[in-house]
Number of protein chains: 2
Amino acid sequence: MTDLQSRFQPLFDPKSIAFIGASNNPIKWGCIVLKNLINGGYQGKIFPVNPKEKEILDIPAYARVGDIPQKPDLAVIVIPPPAVPQAISDCIEKGVRAGVIITAGFAEVGGDGEKFQNRIVEKARKGNMILVGPNCNGIMRPSARLFPEMPSIFPGQGPVGIVSQSGNIAASLAQRALKSGFGISCMVSSGNEADLHCEDYFEFLGEDPQTEVIISYVEGFREGGRFFDIVRRVAAKKPVVMIKAGETEAGSRAAQSHTASLAGSPAVFTGVSHQAGIIPTDNLEDLFNTGVGFLNQPIPKGNRTAILTMGGGWGVLAADASSRYGLDVVKLSDKTLRALGEILPPWWNPGNPVDMVAGNIEGAMIKIIKVLMAAKEVDCLILLGIMGLFSMQSVFDDNATESTEDRLAEINRQLGSAFDEIRQLSHFHGKPIITATELPFGVGDMEDRIFHMIGEKGFAMYKNPDTAAKVLSHLVHYGQRHIKNQY
Amino acid sequence: MTDLQSRFQPLFDPKSIAFIGASNNPIKWGCIVLKNLINGGYQGKIFPVNPKEKEILDIPAYARVGDIPQKPDLAVIVIPPPAVPQAISDCIEKGVRAGVIITAGFAEVGGDGEKFQNRIVEKARKGNMILVGPNCNGIMRPSARLFPEMPSIFPGQGPVGIVSQSGNIAASLAQRALKSGFGISCMVSSGNEADLHCEDYFEFLGEDPQTEVIISYVEGFREGGRFFDIVRRVAAKKPVVMIKAGETEAGSRAAQSHTASLAGSPAVFTGVSHQAGIIPTDNLEDLFNTGVGFLNQPIPKGNRTAILTMGGGWGVLAADASSRYGLDVVKLSDKTLRALGEILPPWWNPGNPVDMVAGNIEGAMIKIIKVLMAAKEVDCLILLGIMGLFSMQSVFDDNATESTEDRLAEINRQLGSAFDEIRQLSHFHGKPIITATELPFGVGDMEDRIFHMIGEKGFAMYKNPDTAAKVLSHLVHYGQRHIKNQY
């Protein structure tokens with residue numbers, strides 16, 4: 001364990017937690033956040049702190065931190081700002097080494113709030129206690145079943161790390177992960193960053209073996225130079241996908257009002273981010289889609305793209321989008337076209353996109369993928385439509401007698417084999433396969449479940465050819481920057 | 001009824017249908033399309049035509065069109081290409097005035113296919129019969145409960161007209177409508193456009209009183225001059241939102257291969273489309289989102305935009321996106337800020353975006369919307385978060401004893417009142433209100449249902465502040481072009 005990992009251990013893997021401001025009143029955050037901590041499945045001891053109650057949610061409560069019969073590793077703090085400095089003193093005296101302060105009303109409102117915040121930081125730093133927040137949404141660490149958070153979102157453990165200077169966007173991203181079947185390694189809503197700065201979280205996630213990709217929303221940096229050093233180092237090891245908000249004048253004004261103490265010039269950031277190897281995106285969909293798009297994919301050696309499509313129109317859209325995003329929709333060699341011609345029916349119109357709409361014969365899709373992966377002129381593949389990976393009749397036939405759950409289990413089994421094969425081919429050749437699909441033919445309510453299944457297998461699956469091309473272009477750019485010398 | 005409407009009546013409102021190539025074999029299109037026609041709820045007579053069967057799907061069948069005991073209005077044709085010319089002759093002899101040819105293997109494969117296609121068109125035009133296709137996905141006309149189509153998608157009647165030169169994209173768009181609660185007026189997959197061209201469909205939808213907005217995917221035009229005249233006329237009456245595919249070299253090659261006979265220079269199209277007042281988009285999400293974004297909204301008189309947000313981060317993203325899309329995130333007047341200050345709590349940070357995260361008191365959101373609608377300096381509003389339109393506790397409380405269905409009914413009732421009020425305010429002031437939201441706090445599986453409910457009320461609801469800003473910018477541009485002289 002590195003020094004940094006040791007320092008963060010009480011925060012992300014606490015053996016026990018003091019919950020300061022616990023409440024039995026169901027509309028208070030002291031109750032909602034505590035419930036989330038319990039419902040998230042935390043296995044260590046929880047010590048609710050409340051001067052007026054004997055029990056909170058059936059757990060014995062303590063009047064003060066000092067009364068807790070052992071040393072908690074972490075304190076979750078939801079009391080009003082004026083009471084927080086004393087709580088921090090109590091924690092330090094007790095030996096608590098980390099805190100998450102969810103309460104708002106500190107530096108972001110100025111005046112007394114700012115004074116309280118300064119006092120807290122001073123105490124914490126002297127006392128060797130690290131603090132997340134204040135004015136934040138909480139944190140998530142699924143590997144420790146740790147969810148001290150405002151939103152009631154409980155994603156499973158997985159490779160996606162989330163750092164956000166906005167609590168609602170942190171929740172948005174975790175919600176997207178949960179809905180699409182991906183697990184997360186860690187989520188931090190950094191709030192006012194009174195003590196720990198987002199630079200610290202990037203550094204931690206860079207070293208964190210659970211984290212394979214970092215997605216982040218930032219409005220500004222407190223330590224520009226350190227940020228640059230850290231992120232350049234991290235981005236060389238794992239993709240760092242980011243929205244830098246406040247890049248327009250109106251957005252910058254809004255960001256100033258949202259997280260007042262931050263500053264930074266858009267132009268400077270753009271230059272720095274490019275040099276650091278950050279993958280820039282500018283909206284939530286792109287941010288999430290790009291992050292998960294890196295999972296389970298080899299990084300391509302070039303931009304020469306093949307498109308395999310089950311529908312002509314989708315193929316045209318993918319070709320347009322690929323060109324717009326700087327991919328080369330490569331002219332396939334005669335050798336490749338001949339090999340494809342042996343699989344596809346005589347009326348197939350040779351070219352790239354490879355349009356197999358009229359040749360959806362059992363097993364053809366995997367055969368074509370093999371040909372395209374082996375083609376020397378191809379660096380990567382956009383696959384449009386996954387119906388060719390199913391035995392359609394068994395699962396989509398109206399007259400099938402199986403229950404929906406049985407059919408879903410059969411789809412899951414078939415998709416499991418197909419994606420195993422795709423993963424092997426893709427990694428053997430070092431060429432990513434990015435997929436978009438629709439399931440429009442009578443699948444109905446199964447659609448979301450099927451997308452979720454594919455997410456659980458660790459693959460991103462998009463609903464739009466444009467998205468597939470955009471994400472692939474990010475993989476290509478990442479490859480151009482970071483792996484130049486590895487081949 | 002106009003001449004054009006009379007001409008299209010046998011196609012879109014047929015009293016009876018000959019189904020040529022009907023089959024009992026469940027994996028043949030002659031069975032699948034017929035089932036869709038039946039399952040879609042068509043109320044007129046259906047006459048299956050098949051020389052070898054007495055009954056198809058329990059409906060009495062006829063060996064030839066000539067044997068049908070009455071004159072069908074429409075023929076749906078799914079037989080192989082060599083047999084289609086004779087079928088057309090039979091139809092004309094019987095007095096059939098319209099046909100939908102779903103079969104592929106005509107001009108798009110060249111050779112004999114092209115000859116068959118030419119023969120069909122020649123016969124149809126002499127015989128005064130109009131034809132959709134061949135090589136198409138079918139049509140939908142929910143008002144006539146008419147679904148002679150390959151995909152099994154049955155949206156309800158509504159204001160969205162769809163014209164697509166790709167069958168799979170036609171299905172994608174109809175599927176999106178169905179999933180998000182919107183009805184459609186008409187869907188045409190135009191296929192090879194042997195007889196009717198997409199120009200004809202635009203002309204029809206322009207006159208069609210059901211159609212309030214047209215969304216379309218086109219790869220090229222057979223009648224450039226006529227297209228320009230028609231679309232300019234239609235776009236002045238209702239928004240025409242379009243993907244013109246094949247705008248890059250790779251896309252153009254793909255389009256050539258997909259719908260071979262079409263041509264056209266990207267540069268020419270861009271100029272023409274701008275002059276004609278087409279609203280251009282370049283991917284499926286934007287196409288659909290923009291189309292439905294016009295529904296139930298007044299067209300704004302300017303680009304001065306207020307943003308009302310329940311989360312700081314979403315507000316910053318909306319401000320950035322608004323600027324990027326050419327909206328003016330307007331400085332609110334002192335008068336407006338004072339009025340807002342009376343509703344929001346003392347720690348509210350005055351500005352635009354109006355961030356009400358800390359002031360989500362019952363009823364505050366509608367009050368703020370009223371202030372912003374009445375503000376002289378505001379032309380339009382982006383509303384982020386709809387939780388302020390609910391009485392949250394009644395519907396999202398974990399401990400609520402009501403069933404999910406009861407809670408959804410209550411949400412639907414509350415949303416109904418809220419959106420009635422929003423619609424009235426918006427139309428009274430002539431200022432659109434474009435909404436994006438997430439429902440992350442324990443709503444779980446209800447989320448899709450809630451979005452669907454809002455769609456059913458005729459309102460687009462996005463999941464991303466970027467999308468709301470992008471769609472609003474299209475409304476603003478449409479207003480600048482088309483309603484300049486109305487105020």
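A cis geometry characterises the amide bond from A:Gly133 onward to A:Pro134, with omega recorded as -5°. Mapped onto the elements, A:Pro134 comes out in the loop between strand S7 (130–132) and strand S8 (139–140). For the bond from A:Asn352 to A:Pro353, the omega torsion is 10°, close enough to zero to count as cis. Here B:Glu193, not a glycine, exhibits a phi torsion of approximately 55°, which is positive. As for its position among the elements, B:Glu193 is in the loop between strand S10 (184–189) and helix H6 (198–207).

A word on the environment of B:Ile230. Residues and elements named next belong to chain B. Here Ile230 shows up in helix H7 (residues 224–237). Since its relative accessible area comes to 3%, Ile230 is described here as buried. Counting along the chain gives 40 residues from Ile230 to Thr270, while the straight-line C-alpha distance between them is 16 Å. Contacts of Ile230, omitting those with residues within four sequence positions, involve Glu199, Phe202 and Glu203.

Attention now moves to the relation of the copies chain A and chain B. Overlaying chain A with chain B gives an RMSD of 0.0 Å, the required rotation being 180° about an axis along which the chain moves by 0.0 Å. The superposition operator between the copies reduces to a two-fold rotation axis. Minimal C-alpha separation from the rotation axis in chain A is found for A:Asp448, amounting to 5.0 Å.

Now for the domain arrangement of chain A. Residue and element names in this part refer to chain A. Looking at chain A, the domain boundaries give domain 1 (3–293) and domain 2 (304–486). Placing the centre of domain 1 and that of domain 2 at their C-alpha centroids yields a distance of 38 Å. Each partner contributes to the interface: domain 1 provides 21 residues, whereas domain 2 provides 17 residues. Buried surface at the junction of domain 1 and domain 2, both sides included, amounts to about 1300 Å², of which 55% is carbon and sulfur. The largest per-residue losses of area from domain 1 upon contact with domain 2 belong to Phe182, Asn289 and Gly293, which jointly make up 28% of the total buried on that side. Counting across the domain 1 and domain 2 interface gives one salt bridge. Its salt-bridge partner being Lys470, residue Asp286 comes within 2.8 Å of it at the nearest N-O pair. Linking domain 1 to domain 2 there are seven residue pairs in polar contact (both at pLDDT 80 or more). A total of five residues in the side of domain 1 that touches domain 2 trace back to one element, the largest contributor, which is helix H10 (residues 284–293). Its residues assigned to classes, the side of domain 1 that touches domain 2 shows eight nonpolar, nine polar and four charged.

Contacts between chain A and chain B engage 63 residues on the former and 63 residues on the latter. Linking chain A to chain B there are six salt bridges. For A:Arg324, the salt bridge goes to B:Asp282, with nearest N and O atoms at 3.9 Å. Across the contact surface, chain A and chain B share 24 residue pairs in polar contact (both at pLDDT 80 or more). Secondary-structure elements contributing two or more residues to the side of chain A that touches chain B are helix H5 (167–180), strand S12 (240–244), helix H8 (249–258), H10, helix H11 (312–324), helix H16 (446–456) and helix H17 (465–482) of chain A. With nine residues, the single largest contributor to the side of chain A that touches chain B is H11(A). Classifying every residue of the side of chain A that touches chain B by side-chain character gives 24 nonpolar, 21 polar and 18 charged.

Looking at the element boundaries, A:Lys244 is found in strand S12. At 3.2 Å, the side chain of A:Lys244 and the backbone oxygen of A:Glu219 are in polar contact. A distance of 3.4 Å separates the side chain of A:Lys244 from the side chain of A:Glu247, its partner in a polar contact. When neighbours within four sequence positions are excluded, A:Lys244 is seen to be in contact with A:Val218, A:Glu219, A:Gly220, A:Phe221, A:Phe269, A:Thr281 and B:Asp320.

A few words now on the sheet that holds strand S2 (residues 45–49) of chain A. Residue and element names in this part refer to chain A. An order of S2-S1-S5-S6-S7 is seen for the five strands of this open sheet, with the pairing classed as parallel. The two strands at the open ends of the sheet, each matched to only one other strand, are S2 and S7. Ignoring strand direction, the axes of neighbouring strands in this sheet form an average angle of 20°. In this sheet, S7 lies alongside strand S6 (residues 98–101) in parallel orientation, the contact comprising three bridges. Opposite Ala98, over in S7, you have Ile130 as the bridge partner.

This structure, assessed with the given rule, holds 49 salt bridges over all chains. With its nearest N and O atoms 3.6 Å apart, the salt bridge here joins A:Asp466 to A:Arg324. Here A:Arg324 lies in helix H11 and A:Asp466 lies in helix H17, a separation of 142 residues in the sequence. Residue A:Asp466 is classed as buried on the basis of its relative accessible area of 5%. A relative accessible area of 36% places A:Arg324 in the partly exposed class. Across the pair B:Arg176 and B:Glu285 runs a salt bridge whose closest N-O atoms are separated by 2.7 Å. One end of the pair, B:Arg176, is in helix H5 (residues 167–180); the other, B:Glu285, is in helix H10 (residues 284–293), and 109 residues separate them in sequence. Given the relative accessible area of 11%, B:Arg176 is considered buried. By sharing partners, the salt bridges in this structure join A:Asp200, A:Glu203, A:Glu223, A:Arg226 and A:Arg233 into a single network.

Let us look at the confidence of the model for chain A. Here chain A averages 91 in pLDDT, while 92% of its residues score no lower than 70. Scored as a whole, the predicted complex attains pTM 0.93, and scored at its interfaces, ipTM 0.92.

Let us now look at the side chain of B:Asn352. Residue and element names in this part refer to chain B. Tracing the chain through its elements places Asn352 in the loop between helix H12 (334–343) and strand S16 (354–355). For Asn352, a relative accessible area of 11% corresponds to the buried category. A distance of 2.8 Å separates a polar atom in the side chain of Asn352 from the backbone oxygen of Val330. If we ignore the near neighbours within four places in the chain, the residues touching Asn352 are Thr305, Ala306, Ile307, Val329, Val330 and Leu332.

This part takes up the sheet that holds strand S7 (residues 130–132) of chain B. Residue and element names in this part refer to chain B. Ordered in space as S2-S1-S5-S6-S7, the five strands form an open sheet in which the pairing is parallel. Across the chains shown, the open sheet's two edge strands, defined by having one partner strand only, are strand S2 (45–49) and S7. Adjacent strand axes in the sheet meet at a mean angle of 20° when their direction is disregarded. Seen against the sheet, helix H2 (residues 29–39) touches strand S1 (16–20), S2 and strand S5 (74–77) and runs at an angle of roughly 165° to S1.

Thresholds applied
Residues numbered from 1 in each chain as written. Chains lettered and ligands numbered in written order. Predicted model: local features only at pLDDT ≥ 70, side-chain atom pairs only at ≥ 80, totals over all residues. Heavy atoms only, no water. Helix = DSSP H or I, 4+ residues; strand = E, 2+ residues; numbered from the N terminus. Buried < 20%, exposed > 50% of the residue type's maximum accessible area, 1.4 Å probe, protein only. Contact = heavy atoms within 4.5 Å. Least-squares fit on C-alpha atoms with pLDDT ≥ 70 in both. Domains from an automatic or database assignment. Buried area = accessible area lost by both parts, 1.4 Å probe. Salt bridge = Lys/Arg side-chain N within 4 Å of Asp/Glu carboxyl O. Polar contact = N/O pair within 3.5 Å; in protein donor to acceptor, adjacent residues only side chain to side chain. Nonpolar A, V, L, I, M, F, W, Y, C, P; charged D, E, K, R; others polar. Pairing = 2+ DSSP bridges. Axes fitted to C-alpha atoms, helices over the stretch in contact; angles between N-to-C directions. pLDDT = per-residue confidence, 0-100.

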